[in-house]
Amino acid sequence: MVEEGRLKCAFGIRLSDQEQMEWDLLCNELGPYHGFEDREDNVSFDGDFSVHKCYNLQSTEAVEVNFNKFLWKNSVPFKVSFMLWVIFHDSLPTKDMLQHRGIEVQDGLCVLCKQYEETADHIFLHCAYSHHIWSYFLKAFNISWVGARDMLSFFESWKFNALSGRNKKIWWKIIYVVPWHIWLERNSRTFAGRPKEEEELLMLIKQSIVLWFCDTNVFHGISISQILFQWDSIVHT
């Protein structure tokens, strides 16, 4: 049902925090519902309209932005792909997006660094906290950090390396696991959770990488202790 312009659903079970977040993301993506008004529609044209211009606009080949190639992979949890899908559609409910939609927020600063405006690209790429996380993994692969404009550009640039075998598989897990944990940390701090230091988040990220590979032999013969505390040696063997 729709109440006060927002989609509302009475679930038969209690949603977990993660499920509630995904439901809120979907509602934010759908936006406000304005309903129908019992009156005739009016047609108006802005600017210098002509049928010829309209035809040319519709017949022009659209520029394809192919981000689907990064989503909906069997080796990546659906919830992570859904988060990235929302990011690529510029609909992640960050503070700047909430303000853009007319929702009042206490302040617009990033909760991770408390220095700059909270946007999706800032949270995942430009924030000092996130930069430390990315740098840790890039340094282990002896790859230099190159700042990207946005998340889609970042994913596009991720393929430019000479890695192979196990390192390549780990490399392509990192780009999914890191944003997911950064977003969870952002939400935890936003809703009064205990902030995690960078080192603690790195541990959680490495644990997730292990779990995502649990059905493979990527870490065959390597102990959990090595992965958590001797990461550099793992990617150099």
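Residues numbered from 1 in each chain as written. Predicted model: local features only at pLDDT ≥ 70, side-chain atom pairs only at ≥ 80, totals over all residues. Heavy atoms only, no water.

## Examining the overall build of the protein
Right, on to step 1. The number of helices and strands found in the protein is eleven helices and two strands.
Right, on to step 2. A total of 237 residues make up the protein; the buried ones form 38% of that total.
Right, on to step 3. Taking contacts inside the protein between residues at least 6 apart in sequence as the whole, the part at least 24 apart equals 58%.
Right, on to step 4. On the protein, roughly 15,200 Å² of surface is accessible, and the fraction owed to carbon and sulfur atoms is 53%. (Helix = DSSP H or I, 4+ residues; strand = E, 2+ residues; numbered from the N terminus. Buried < 20%, exposed > 50% of the residue type's maximum accessible area, 1.4 Å probe, protein only. Contact = heavy atoms within 4.5 Å. Areas by Shrake-Rupley, 256 points an atom, 1.4 Å probe, with all protein chains shown as cover.)

## Things to note about the environment of K95
Right, on to step 1. In this fold, K95 is placed in helix 4 (residues 95-100).
Right, on to step 2. The class for K95 is buried, based on a relative accessible area of 11%.
Right, on to step 3. Residues K95 and D107, twelve residues apart in the sequence, show an inter-C-alpha distance of 8.0 Å.
Right, on to step 4. Those residues in contact with K95 that sit more than four places away from it in its chain are V105, D107, G108, L109, V111, E118 and R186.

## Looking at the side chain of R189
Right, on to step 1. Relative to the assigned elements, R189 resides in helix 8 (residues 165-190).
Right, on to step 2. With a relative accessible area of 18%, R189 lands in the buried category.
Right, on to step 3. Beyond its immediate stretch of four places on either side in the chain, R189 contacts V111, L112, Y129, P195 and K196.

## Let's talk about the packing of helix 8 against helix 9 (residues 198-212)
Right, on to step 1. In contact at an axis separation of 10 Å, helix 8 and helix 9 are set at 130° when each is read in the N-to-C sense. Comparing the axis directions of helix 8 and helix 9 gives the class oblique. Where helix 8 crosses over helix 9, the two elements pack in a sense that is right-handed. Along its contact with helix 8, which presents K173, I174, Y176, V177, V178, H181, I182 and E185, the element helix 9 presents L201, L204, I205, S208, I209 and W212.
Right, on to step 2. Residues that form the contact of helix 8 with helix 9 fall into these classes: ten nonpolar, two polar and two charged. (Axes fitted to C-alpha atoms, helices over the stretch in contact; angles between N-to-C directions. Parallel < 35°, antiparallel > 145°, perpendicular 65-115°, else oblique. Left-handed = near helix turned anticlockwise from the far one by under 90°. Nonpolar A, V, L, I, M, F, W, Y, C, P; charged D, E, K, R; others polar.)

## Brief notes about the state of the cysteines
Right, on to step 1. Evaluated as defined, the whole model comprises zero disulfides.
Right, on to step 2. Counting only cysteine sulfurs, C113 is the nearest neighbor of C110, a cysteine outside any disulfide, at a range of 3.8 Å.
Right, on to step 3. Relative accessible area serves as the criterion here: at 15%, C113 is assigned to the buried category. (Disulfide = S-S within 2.5 Å.)

## Overview of the packing of aromatic side chains
Right, on to step 1. Applying the stated criterion across every chain yields a total of 14 aromatic pairs.
Right, on to step 2. A ring pair is formed by F82 and W85, whose centres lie 6.0 Å apart and whose planes are at 20°; its orientation type is stacked. Here the residue F82 and the residue W85 both occupy positions in helix 3 (residues 78-88), the gap between them amounting to three residues, near one helical turn.
Right, on to step 3. Note on W134 and F154: the rings are 4.8 Å apart at their centroids and 75° apart in plane angle, and the pair reads as edge-to-face. Of this pair, W134 sits in helix 6 (residues 128-140) while F154 sits in helix 7 (residues 151-157), and the two are 20 residues apart along the sequence.
Right, on to step 4. Of the residues examined, W134 reaches a relative accessible area of 0% and is grouped as buried.
Right, on to step 5. Through successive ring pairs, a cluster of aromatic residues spans W134, F141, F154, W158 and W171.
Right, on to step 6. Of note, R189 hangs over the ring of Y129, and the distance from its end group to the ring centre comes to 4.8 Å. (Phe/Tyr/Trp six-rings, centres within 6.5 Å; stacked < 30°, edge-to-face > 60°. Lys NZ or Arg CZ within 6 Å of the ring centre and 35° of its normal.)

## Comments concerning the nonpolar core
Right, on to step 1. Ranked by internal contacts, the top residues of the largest apolar core, which has 58 residues, are L84, F124, I174 and F219.
Right, on to step 2. At the level of secondary structure, the elements contributing two or more residues to this core comprise helix 3, helix 5 (120-126), helix 6, helix 7, helix 8, helix 9 and helix 11 (231-235).
Right, on to step 3. Residues contacting F124, with those up to four places away along its chain left out, are I87, L92, S130, W134, M151, P179, I182 and W183. (Core = buried A, V, L, I, M, F, W, Y, C linked by side-chain atoms within 4.5 Å.)

## Section: the environment of Y129
Right, on to step 1. Mapped onto the elements, Y129 comes out in helix 6.
Right, on to step 2. A C-alpha to C-alpha distance of 6.3 Å links Y129 and C113, two positions 16 residues apart in sequence.
Right, on to step 3. Those residues within four positions of Y129 in sequence are excluded, and the remaining contacts are L112, E185, R189, K196, E197, E198 and L201.

## Points about the pattern of salt bridges
Right, on to step 1. Under the defined criterion, the tally for this structure stands at eight salt bridges.
Right, on to step 2. The salt bridge involving E156 is made with K69; its shortest N-O contact spans 3.2 Å. In this pair, E156 sits in helix 7 while K69 sits in the loop between helix 2 (51-59) and helix 3, placing the two residues 87 residues apart along the sequence.
Right, on to step 3. In this structure E156 comes out as partly exposed when scored by relative accessible area, which is 24%. (Salt bridge = Lys/Arg side-chain N within 4 Å of Asp/Glu carboxyl O.)

## Notes on helix 8
Right, on to step 1. Between its first and last C-alpha atoms helix 8 spans 39 Å; for 26 residues at 1.5 Å apiece the expected length is 38 Å, and the two agree.
Right, on to step 2. The largest bend along helix 8 reaches roughly 30° and is located at I174.
Right, on to step 3. Following helix 8 by one or two positions, A192 adopts a phi angle in the positive range, close to 65°. (Expected span 1.5 Å × (residues − 1). Bend = angle between axes of the 7 residues up to and from the residue.)

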